[in-house]
Amino acid sequence: MPGQIEKAAEAAASANVPAQVSPKQRLVTMLADNKGAFSASLPSGMSVDRFQRLLLTAANTNPQLLACNPTSFLAAGVTAAQLGLEPNDPRGLAYLIPFKDKNRGQIVNFIIGYRGMLDLARRSGIVSSINAFPVFEGDTFEYHLGLEPKLTHVPNEDGDDDPAKLTHVYAVAKVQGEPQFVVLTRKQIDRTRASSQGARSSYSPWNTHYTEMALKTALRKLCKWLPQTVEMAQAQSLDDRALMLRPDMLTDGVPMSGVAADDEVTDAEIIETVAE
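Below, the structure is looked at part by part. (Residues numbered from 1 in each chain as written. Predicted model: local features only at pLDDT ≥ 70, side-chain atom pairs only at ≥ 80, totals over all residues. Heavy atoms only, no water.)

1. Examining the overall build of the chain
Looking only at helices and strands, one finds eleven helices and nine strands in the chain. Within the span of the chain, comprising 276 residues, buried residues form 43% of the whole. Within the chain, contacts between residues separated by at least 24 positions form 67% of all contacts whose residues are at least 6 apart in sequence. Of the roughly 14300 Å² of accessible surface on the chain, 51% is carried by carbon and sulfur atoms. (Helix = DSSP H or I, 4+ residues; strand = E, 2+ residues; numbered from the N terminus. Buried < 20%, exposed > 50% of the residue type's maximum accessible area, 1.4 Å probe, protein only. Contact = heavy atoms within 4.5 Å. Areas by Shrake-Rupley, 256 points an atom, 1.4 Å probe, with all protein chains shown as cover.)

Take a look at the structure:
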């Protein structure tokens, strides 16, 4: 009998101890609690259920994201939602990348992809056409600036699209029928990559999709010279930055659930890459 009493007491004590919540369960709960906030952030016509599934898929695919500060994950997710860019899917519209921060531990960096930048520019309705192209060794490529700018590019049909042989990228757009373009050399591309927070991560698209990120760099520079929309200005200010939640990150006044006051910070200083 004493043994049964002791076992009953132990069972009662263990029942009062809260079960430990896994990082995945915590993320699932936070997304569910903030479904209304995500719905308010997304452009009309986008499914909040699909968007949140993509966020979970990103975390399942890269477990380092589950180890990140959950509010930084939500901040990156909200940013992607506000821009209408579904993250970490095969289209490469946007990426959520894990980092380590000296003050906040592991956090999430938000990076817009090449196709995401194209999508934002085309969505604005300001440009009639916009695109970017790579130039490789063996291509015929010439451009002139000044009062009568001119650009000629004839790809080598037998050329090699190896990123190591990339020499230039350029972005072109038409605004009210007038063509505008920006050209970047390989040296300029690599200088941009070296200054990128995102490039320091082993999960960075710079390491897996160099040509696409080079094209995105040219598009981003071109977009600075095009008429700006609020959405495009926001995209350029938030691209390739480690973000934490801010009180003004959500639309329609929908509050975030489970976010403490001390989480209301903006940028975080990156100190090292999260390794696999």
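2. Here we look at the environment of P179
Mapped onto the fold, P179 is located in strand β7 (residues 178-185). Since its relative accessible area comes to 56%, P179 is described here as exposed. Spatially, the C-alpha atoms of P179 and S129 are 9.1 Å apart, while their sequence positions differ by 50 residues.

3. Concerning helix α4 (residues 48-61)
For an α-helix the count is 3.6 residues per turn, leaving residues at separations of three or four pointing the same way. Between its terminal C-alpha atoms α4 stretches 20 Å, which fits the 20 Å expected from 14 residues at 1.5 Å a residue. Of the residues making up α4, those classed as buried are V48, F51, Q52, L54, L55, A58 and A59. In an axial view of α4, the angular spread of the buried residues amounts to 150°, which keeps them on one side of the axis. Away from its buried face, by an angle of more than 90 degrees, α4 presents the exposed residues R53 and T61. Summarising the contacts, the buried residues of α4 are in contact with α2 (23-33), α3 (35-41), α5 (63-66), α6 (70-83) and β1 (94-101). (Expected span 1.5 Å × (residues − 1). Arc of directions from axis to C-beta.)

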